[in-house]
Amino acid sequence: MPSTDHEAQQATSSHMMKTTKRGRPFLKDTLDLFATLIVSLELANHKQFFRNFPCSFTTDEAVQNLSSLKFSQSNRGPDPREPSRIVTTTTTTTFSMTREMAMAMSQHFMDARLVENAVDANINLFKDRGVYQLTPKGLHVLERFINKNGINSDHLQSVFQSQPICIKLLHLERRSSDDEIIVSQGVITALFRRFAGRHPNYKTPASDSLDAYQKYNERAKGIPLHDFTEKAQPLMGKPQQNHRFCFQAVHALEWLCDFTSIVGREEAAEMAAQFVRFSLITLVHDKRKGNDSTIIFTVRNSAPGTNLPVSIQGEFRCTNKATYKITEEGCRVAQWDGSTRSQSSDSPTGSTSNLTAERTSVDGSGDAGDGPRRDARLHRRISIAGGLNDRHTKESNAERLRYIIDDLTTRHLFREFLRNNFCEENLSFWLDVEDFKRKFGVTSSAVAVGPNRIHSRTPGQAAMERHHESLINTAFNIYNKYLAPSSQCELNIDHGLRNEMVKYLEEVVTGHTGKAFQGRVEPEQAGAFNATQLQAMIRLYERIQNHVFRLMATDSIPKFIKTSKFKAIRKWDDIDFDDLDIQHLTLEGPPTPPGLGEEIGGAYITVSQRASEREHRQQLGQGGPSHSGNS
């Protein structure tokens, strides 16, 4: 039995907060700092203008805490120097800033729609002597931070119970260099589908009687729409026109900031301009007078060279007077007409091929563009998901595991479960090998650069060679991390499998270098491997992968599906076709070796467990927190 080390190891680090060209901190730093601040605050009742605001904080409280903020995170795991011992490593991060910087940071929190003015949510300025509350998006971010870092949040229970929480938050991937959203056709399609909703979101007569929770949930279904009648202009020969599916420009900016990882109206306006560029929305009317100022955001990109409804540039007017509508193309992409995915796959703007790239080991074929086969795989996934909680289902634990690995939200919970049971390395190894196999499939015929290689290479050849060198490094990083003796995340696998891998490496390394294999592959030993030998390693890795998969399916899955967290997220979480699209938004076509293509973006959805539980209780009529609003 491993012994437990009760003395925690202290880890300290220094981190300079990076800022973007817009002058704001990178999103990850913004979210971490925001959550750390809220955890340090004692949210309480504050009075202003003769009104009480529960679960709120003041400007001075925020600034004072930001001036000297500490966050400690503890992780338990094997000691790298002696794997039989379990140690606790505590990392403490300290933030320090002046009052002026703290005020500016708090303004960034407001721009990102994490906090809002408690007296008037329409006031977008963080000012002195103000009272502030968390937004539903802020509560979603805070919940994720607490769960991820295992923080005691007893003092925050009142705010989670008394205010609306964003149930689903769409995250858009960003470039690591400048934190800008990676814009691609698939990303814009995924974002627009969330923006438009499953069905046109018109206000109903019963909407006025809804409480704060219900109104928020109705708004979360998609941008609120209305019909707009444009008056006739006889002098210009224009008859009266009736437009459906209309919305105000400012409402679009607010929606994008509230329900996605977009930070600030400027970034939201750029995404809305992309909607215009892709002909998903169009300007109907701008009532502003000639001398009224307006801000117009313009985005440009190269023309696709096809007949698709995509323009070189798009512009979006940020004014209270501008009215936009969802176009016929937008309705088709949103799939409001009930068309199947295979019927809409003729245009990449709305094609599922831009949104899904299924793993070949899970669904057999990696051809995401094959309509009928893709639909069959999707329906199979729905069937598996529907049976996850049915104790009489005929689906095996292996089928359950395949779905869990494929679903980002559930996979996150499964990884957390494995980490708590000290076997997270099983899932990590399976995913790392899967990614390695995908990269290897790009060019299995590439060869390493030899000493006598002619140096007059094309840029494409050089990129392919770099890709091959990267594959070699990946292959041996996997071995050194999971299979080498006393490795960082050593797998507990069959002795025969391990010996077979070691024997193969001994044969190859000794044959190329003349030196005995010492249990780990060094960089100078890996350089002589060719594509055929890498393929042999993949076959060995696949055998270990299958062993690990069976181990997780037979030992971990039966325990995991009985946990309260799994039941909470799957019991009533209907399978959402658009969510499946977004969760598997990866590459728009085959993977591209480094240097041969542009960076491709993606998106994923996170689900608030607390908000889902509350909604479920309300649907069952079991009551819940008081719906008296936020004030």
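All of the points below concern the structure found in this document.

Conventions and cut-offs
Residues numbered from 1 in each chain as written. Predicted model: local features only at pLDDT ≥ 70, side-chain atom pairs only at ≥ 80, totals over all residues. Heavy atoms only, no water. Pairing = 2+ DSSP bridges. Helix = DSSP H or I, 4+ residues; strand = E, 2+ residues; numbered from the N terminus. Axes fitted to C-alpha atoms, helices over the stretch in contact; angles between N-to-C directions. 1 Å grid on protein atoms, 1.4 Å probe; cavity = no way out; pocket = protein on both sides within 12 Å on 5 of 7 lines; lining within 4 Å. Points joined across faces, edges and corners; volume = space filled by probe spheres on them. Nonpolar A, V, L, I, M, F, W, Y, C, P; charged D, E, K, R; others polar. Parallel < 35°, antiparallel > 145°, perpendicular 65-115°, else oblique. Contact = heavy atoms within 4.5 Å. Buried < 20%, exposed > 50% of the residue type's maximum accessible area, 1.4 Å probe, protein only.

Reading across the sheet, the four strands line up as β10-β11-β15-β12 and stay open at both edges, with antiparallel pairing between neighbours. On the outer flanks of this sheet lie β10 (226-230) and β12 (281-286), each paired with one strand and no other. Averaged over all neighbouring strand pairs, the angle between strand axes comes to 50°, with direction disregarded. The pairing of strand β11 (residues 241-248) with strand β15 (residues 322-326) spans three bridges and is antiparallel.

To continue, consider empty space enclosed by the protein. Enumeration over the complete set of coordinates arrives at five cavities of 30 Å³ or more. In this model, the second largest cavity occupies a volume close to 70 Å³. Taken together, ten residues line the second largest cavity, and the ones lying closest to its centre are Ile 165, Ile 167, Tyr 213, Asn 217 and Arg 614. Element by element, the count of residues in the lining of the second largest cavity is highest for helix α22 (residues 609-619), at four residues. Broken down by class, the residue content of the lining of the second largest cavity amounts to six nonpolar, two polar and two charged.

What follows covers the sheet that holds strand β3 (residues 44-48). Pairing in this open sheet of four strands is antiparallel, and the strands run β3-β4-β8-β7 from one edge to the other. Bordering the open sheet on either side are β3 and β7 (115-117), each of which pairs with just one other strand. Geometrically, the sheet is characterised by an average inter-axis angle of 60° between neighbouring strands, direction not taken into account. Inspection of the sheet shows strand β4 (residues 51-58) paired to strand β8 (residues 131-134) by two bridges, in the antiparallel sense. Bridged to Phe 57 within β8 is Tyr 132.

Looking now at the packing of helix α6 (residues 185-196) against helix α9 (residues 265-277). The interhelical angle for the contact between α6 and α9, taken along N-to-C directions, is 100°, at an axis separation of 11 Å. One way to sum up the angle between α6 and α9 is to call them roughly perpendicular. Only Met 271, Gln 274 and Phe 275 of α9 make contact with α6, whose side of the interface consists of Ile 188, Leu 191, Phe 192 and Phe 195. Along the lines of polarity and charge, the residues of the contact of α6 with α9 split into six nonpolar, one polar and no charged.

Quick look at unusual backbone geometry now. At Arg 129, a residue that is not glycine, the phi angle is positive and equals roughly 55°. Positive phi is not limited to glycine here, since Asp 179 has a value of about 65°. Positionally, Asp 179 belongs in the loop between β9 (168-172) and α6. The exposure class of Asp 179 is buried, given its relative accessible area of 7%.

For the rest of this paragraph, the subject is the environment of Met 103. By secondary structure assignment, the location of Met 103 is in helix α3 (residues 99-111). Taking the relative accessible area as the measure of exposure, Met 103 reaches 17% and is therefore buried. For the pair Met 103 and Phe 126, spaced 23 residues apart in the sequence, the C-alpha separation amounts to 7.2 Å. Beyond its immediate stretch of four places on either side in the chain, Met 103 contacts Thr 59, Val 63, Phe 126, Lys 127 and Asp 128.

Roughly 1400 Å³ of internal volume is contained in the second largest pocket. Breaking the lining of the second largest pocket down by element, the ones donating at least two residues are α1 (27-40), β4, α3, β7, α4 (136-149), α7 (212-220), α8 (249-259) and α9. For the lining of the second largest pocket, the element with the highest residue contribution is α7, accounting for five residues. Grouping the amino acids of the lining of the second largest pocket by side-chain chemistry returns 18 nonpolar, 15 polar and 17 charged.

The analysis is restricted to geometry; functional conclusions fall outside its scope.
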